[in-house]
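Structural description and commentary
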Amino acid sequence: MRDISRRSVLFGAAALTAGCAARGPAGLMSPGATASNAAATNTAAIDQVLRQAVGPNKVAGLVALAATDQGTFYEAAYGKREVGGQADMTMDSVFWIASMTKPITSTAAMRMVEQGRLSLDAPIGDILPELRSPRVLTGFDKAGKPRYRPAKRPITLRHLLTHTAGFVYSIWNADLARYYEATGHPATDTGLKESLNIPLLFDPGERWEYGINIDWAGQAVERVSGQKLGDYFQQHIFQPLGMTSTSFKLTPSQRGRLVKVHARQSDGSLKPIEFEIKQDPEFEAGGGGLYSTAGDYLKFCQMFLHNGQSSNGQQVLRPETVAAMGRNQMGDLNVRLLPTHAPNLSADAEFFPGMVKKWSTAFMLNTERAPTGRSPNSLAWAGLANTFFWIDPTRKVTGVILMQMLPFVEPNAIDTFTRFETETYRAV
């Protein structure tokens, strides 16, 4: 795979001029594409951006939707489910949404908090004994064996939900990568529960770094609810919201609509790769194990524009919980650059470079107006295979765009997302 520049960034102020000629009149959909214009907005520019994004050396295919609190006003599917394949991308195409699983798990945890079944600030070791005595990795001895010390303070659910507990991912942390090499400890993609038992890389509450925190939050939900995580999601989130194609385990119907994950090659082309989340894991990965569709995920996003209600009025979260999930919950700490240590999986990643970013108990928050038009204190995150969403409570607009390729935050994907978001704000 190509070694992407170590300064590729998320949501940079990308140039908004078209990169190539449109394959047809602006506003007309290519074969396999559909659009909704319920809000009577001018979406032709969005169509043009997305059409131009698709190609063998660009993006194999994508699905994108945008909505206000009044309903969906744009939807489109362009390209193929597999580069060189015959199956068109469709609105019901199924994607691995990776870390877009995290806000759903965080929602489940916050339901437990509002019910008094979990506490944000009590030691999470009271619920998860595995985390009662956390250790911090301090380095390696001359023989290459890890060295540890006890953590200075207990881990709390707030630490887990804000990514300040001390857990990291080896993709963006060389010390954890070295730990895996030195110990042979299984990675989380093995589906083994033992994979979660890794050391901290810093003391809880001392900084923000992205890691397996939400997998542990999912374990807390299971422990308190007495249900498997997917079953809890199905009963309390998916069914009320009408999310019929979201799950950890692929059904035959979902598999028939599944989009292939692609890898960017050194010559710039895309190559389909064999990739699938373990279908019989020892634990359901609340940090990144879900498959979904763009339409399903938009329903989840819209719930945050409706004070926690589904489209048919079912209350998934209390309004005060939704408000808390839209506020800074990490104090003076800031979201920071993620420097890649696995360029085949991710480039360096940072949202809105130069802007202070915060984290709620579910989402990243931009503290200033973004170049795309996104309002301050909007909610957002993404998934490793270049799936993205944002929720703007101020302007009452939300958008989802799903692609399926590695590395994360590669230029074609980020440029497409940035242009899609920008043209969405122009349309509304």
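Sequence order sets the numbering: in each chain, residues are counted from 1 along the sequence as written. The predicted nature of this model means local features are confined to residues of pLDDT at least 70 and side-chain atom pairs, given and counted, to a pLDDT of 80 or more, with totals for whole chains, interfaces and linings taken over all residues. Heavy atoms throughout the structure, all of them, feed into the side-chain values; hydrogens and water do not.

Considering the layout of surface pockets
How we decide: With a 1 Å grid spanning the protein atoms alone, the term cavity applies to any set of points in which a 1.4 Å probe fits but cannot get out, the term pocket to an open set with protein on both sides within 12 Å along at least five of seven lines, and the term lining residue to any residue with an atom within 4 Å of a point. Grid points are joined across faces, edges and corners, and a volume is the space filled by probe spheres set on the points. We count a stretch as a helix when DSSP gives it H or I for four or more residues in a row; a strand needs E for two or more, and each element gets its number in order from the N terminus.
Empty space within the largest pocket amounts to approximately 900 Å³. Forming the boundary of the largest pocket are 39 residues, of which Trp96, Tyr169, Thr188, Asp189 and Leu384 lie nearest the centre. Taken together, the elements giving at least two residues each to the lining of the largest pocket come down to α4 (174-183) and β11 (379-383). Looking at the lining of the largest pocket, the element that brings in the most residues is β11, giving 3 residues.

Let's talk about the sheet that holds strand β7 (residues 270-272)
Strands pair in a sheet through their backbones, by hydrogen bonds, and they do so in one of two ways: parallel or antiparallel. Just so we agree on the cut-off: For two strands to be treated as a pair, DSSP must find at least two bridges joining them.
Strand order in the open sheet formed by 3 strands is β7-β6-β14, and the pairing between neighbours is mixed. Edge positions in the open sheet fall to β7 and β14 (405-406), since each of these has one partner strand only. Sheet topology note: the strand β6 (residues 262-264)/β14 ladder contains 2 bridges and is parallel. Residue pairing in the sheet places Ala263 in a bridge with Leu406 of β14.

Details of the pairing of strand β13 (residues 397-402)
Condition: For every residue, the accessible area obtained with a 1.4 Å probe (protein chains only) is divided by the maximum for its type, and the residue is called buried under 20%, exposed over 50%, and partly exposed between those limits.
A large share of β13 lies buried, amounting to 6 of its 6 residues. Alternating positions in β13 separate into two faces, Val397, Gly399 and Ile401 on one and Thr398, Val400 and Leu402 on the other, with burial throughout. Here strand β1 (residues 61-68) runs beside β13; their pairing, made up of 6 bridges, is antiparallel. For Ala66, the partnering residue across the bridge sits in β13 and is Gly399. Alignment of strand β12 (residues 387-392) against β13, held across 6 bridges, turns out to be antiparallel.

Some details on the environment of Arg419
We apply this condition: For the purposes of these results, a polar contact is taken to be a pair of N or O atoms within 3.5 Å, where, inside protein, one atom must be able to donate a hydrogen and its partner to accept one; residues adjacent in sequence count only when each atom of the pair is a side-chain atom.
In this fold, Arg419 is placed in helix α10 (residues 411-427). Residue class for Arg419 comes out buried when judged on its relative accessible area of 11%. For the pair formed by Arg419 and Ile46, sequence separation is 373 residues and the distance between their alpha carbons is 7.9 Å. A distance of 2.9 Å separates polar atoms of two side chains, one belonging to Arg419 and the other to Asp415.

A word on empty space enclosed by the protein
As a reminder, the rule being used: Polar here means any residue outside two lists: the nonpolar Ala, Val, Leu, Ile, Met, Phe, Trp, Tyr, Cys and Pro, and the charged Asp, Glu, Lys and Arg; Gly therefore counts as polar.
Using the criterion set out here, one finds 2 cavities of 30 Å³ or more in the structure. Here the largest cavity defines a volume of roughly 50 Å³. In terms of lining residues, the largest cavity is bounded by Val59, Ala60, Gly61, Lys80, Met89, Val259, Lys260, His262, Leu270, Met403, Gln404 and Met405. When its residues are assigned to classes, the lining of the largest cavity shows 7 nonpolar, 3 polar and 2 charged. Volume-wise, the second largest cavity comes out at about 40 Å³. Taken together, Trp208, Val335, Arg336, Leu338, Ala349, Glu350, Phe351 and Trp381 form the lining of the second largest cavity. Partitioned by chemical class, the residues of the lining of the second largest cavity number 6 nonpolar, no polar and 2 charged.

A word on the sheet that holds strand β10 (residues 364-366)
Heads up, the rule is: Only the stretch in contact is used when a helix axis is fitted, and all axes are lines through C-alpha atoms; the angle between N-to-C directions ranges over 0 to 180 degrees. Pairs of residues are marked as contacts when any of their non-hydrogen atoms sit within 4.5 Å.
One open sheet holds the 7 strands; their spatial order is β2-β1-β13-β12-β11-β10-β9, and the pairing between them is antiparallel. Strands with a single pairing partner mark the edges of an open sheet, and in this sheet they are β2 (71-79) and β9 (357-359). On average, adjacent strands in this sheet sit at an angle of 20° to one another, irrespective of strand direction. Along the sheet, helix α8 (residues 294-303) contacts β1, β2, β12 and β13; its crossing angle with β13, the most-contacted strand, is approximately 155°.

Looking at the confidence of the model for the protein
Spelled out, the test is: Residue-level confidence of the predictor is what pLDDT reports, using numbers from 0 through 100.
For the protein, per-residue confidence averages 91 on the pLDDT scale, and 90% of positions sit at 70 or higher. Contacts of residues 1-40 to residues separated by more than four positions or lying in other chains number 104 contacts, the stretch itself having pLDDT below 50.

Describing the packing of helix α2 (residues 102-114) against α8
Heads up, the condition is: In this scheme, roughly parallel covers angles under 35 degrees and roughly antiparallel covers those over 145, while 65 to 115 is roughly perpendicular and the rest are oblique. Note on convention: the crossing is left-handed when the near helix lies turned anticlockwise from the far helix by less than a right angle, right-handed when the turn is clockwise.
Two numbers describe how α2 lies on α8: the axes approach to 11 Å, and their chain directions differ by 45°. When the axes of α2 and α8 are compared, the pair comes out oblique. Of the two elements, α2 crosses α8, and the hand of that crossing is left-handed. Contact with α2, carried on its side by Pro103, Ile104 and Thr107, involves Tyr297, Phe300 and Met303 of α8 and no other residues of that element. Across the contact of α2 with α8, the residue classes break down as 5 nonpolar, 1 polar and no charged.

Describing the pattern of salt bridges
Note the cut-off: Salt bridges are counted wherever a side-chain nitrogen of Lys or Arg sits within 4 Å of a carboxyl oxygen of Asp or Glu.
Under the counting rule described, the total for this entry stands at 16 salt bridges. We note a salt bridge from Asp92 to Arg81, for which the minimum N-O separation is 3.9 Å. Note that Asp92 is positioned in the loop between β2 and β3 (95-96) and Arg81 in the loop between β2 and β3, a separation of 11 residues in sequence. In this structure, Glu276 and Arg255 form a salt bridge, with 2.7 Å as the shortest nitrogen-oxygen distance. Here the residue Glu276 occupies a position in the loop between β7 and β8 (291-292), and Arg255 occupies one in helix α7 (residues 252-256), the gap between them amounting to 21 residues. Taking relative accessible area as the criterion, Glu276 reaches 35% and is therefore assigned partly exposed.

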